[in-house]
Amino acid sequence: MSDAPKPPSPKWVSRLITASVIAFGAAFTMFAYWVTRPQPPQAEPARPDASGPEADRADAPRSDSPAVSAIFARKPDPSLVALGKTAYDRQCASCHGTNLEGQPNWQRRLPNGRMPAPPHDDSGHTWHHPERILFGMVKHGVVPPYAPPGYQSDMPAFQSVLSDDEIRAVLAYIKSRWSPKVMAWRAEALKNLEER
Ligand code: HEC
């Protein structure tokens, strides 16, 4: 008789309910505070053409030009990409690799003090740069304002070889080879720039 299970005393039941109500209330208050917490003010987007060395290039493409919009679009125009691949295979693949893989040991300086050609795929750093800078480097070479004065580089200038549209097409081809992950990183890294 004495070993029959005792029903929980009403006092304990009410203590348990009170404790649960308090715990739930505290959790809800914290959640509500988190949801409504004050947000930092949105930073003004940086204006790359108002300052910085790349501001100097009057011929850098503008984001409002149709060709550049095509590059910025997530899926570039397939005919632009095809044109870019042809130009890439002809003009760039000898150094940057037929599969955009770059030269071997591309991160190690050559005996002559210059840098090898880096890959243009996900493993390189091409995708770190905004479109205008890439355009400028292909057109003018790795010279000021894209490099310090007197910088010695094996990257040729293509302004007498490729038209501006062909350069944009080559960039569209390179961009078409970046993975969605890199595209997302790039969008995040460059989000304060007017142009990517
Ligand atoms: C003769 C070899 C050679 C050819 C051909 C060549 N490049 Fe390069 N490129 C280089 C080298 C070397 C570098 C590294 C420059 C440095 O850091 O000094 C480079 C760098 C670059 C960069 C800068 C990458 C970065 O992240 O800094 C871009 C963009 C580029 N090349 C695009 C092209 C494109 C597009 C073509 C074809 C139209 C091309 N290159 C053809 C050798 C070449």
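These lines cover the structure that appears in this document, whether it is placed above or below. (Residues numbered from 1 in each chain as written. Predicted model: local features only at pLDDT ≥ 70, side-chain atom pairs only at ≥ 80, totals over all residues.)

## Describing the overall build of the protein chain
Along its length, the protein chain carries seven helices and zero strands. Going from N to C terminus, the protein chain has its helices and strands arranged as α-α-α-α-α-α-α. Here the protein chain, with 196 residues, has 19% of them falling under the buried criterion. (Helix = DSSP H or I, 4+ residues; strand = E, 2+ residues; numbered from the N terminus. Buried ≥ 20, exposed ≤ 12 C-beta atoms within 10 Å, placed from the backbone.)

## Some thoughts on the site of the ligand
Neighbouring residues of the ligand: 23 residues in total, closest Cys92, Cys95, Ala117, Ser153 and Met155. Contributions of two or more residues to the shell around the ligand are made by α4 (93-96) and α5 (131-140). (Near = placed C-beta within 6 Å.)

## Digging into the nonpolar core
Judged by nonpolar contacts, the single largest core of 19 residues is most densely connected at Leu134, Val138, Ala169, Val170, Leu171, Ala172 and Tyr173. Where this core is concerned, the elements lending two or more residues are α3 (78-91), α5 and α6 (164-176). Considering each element in turn, this core owes the most residues, seven residues, to α6. When residues no more than four places from it in sequence are discounted, the contact partners of Ala169 are Leu80, Leu83, Gly84 and Ala87. (Core = buried A, V, L, I, M, F, W, Y, C linked by C-beta atoms within 7 Å. Contact = placed C-beta atoms within 7 Å.)

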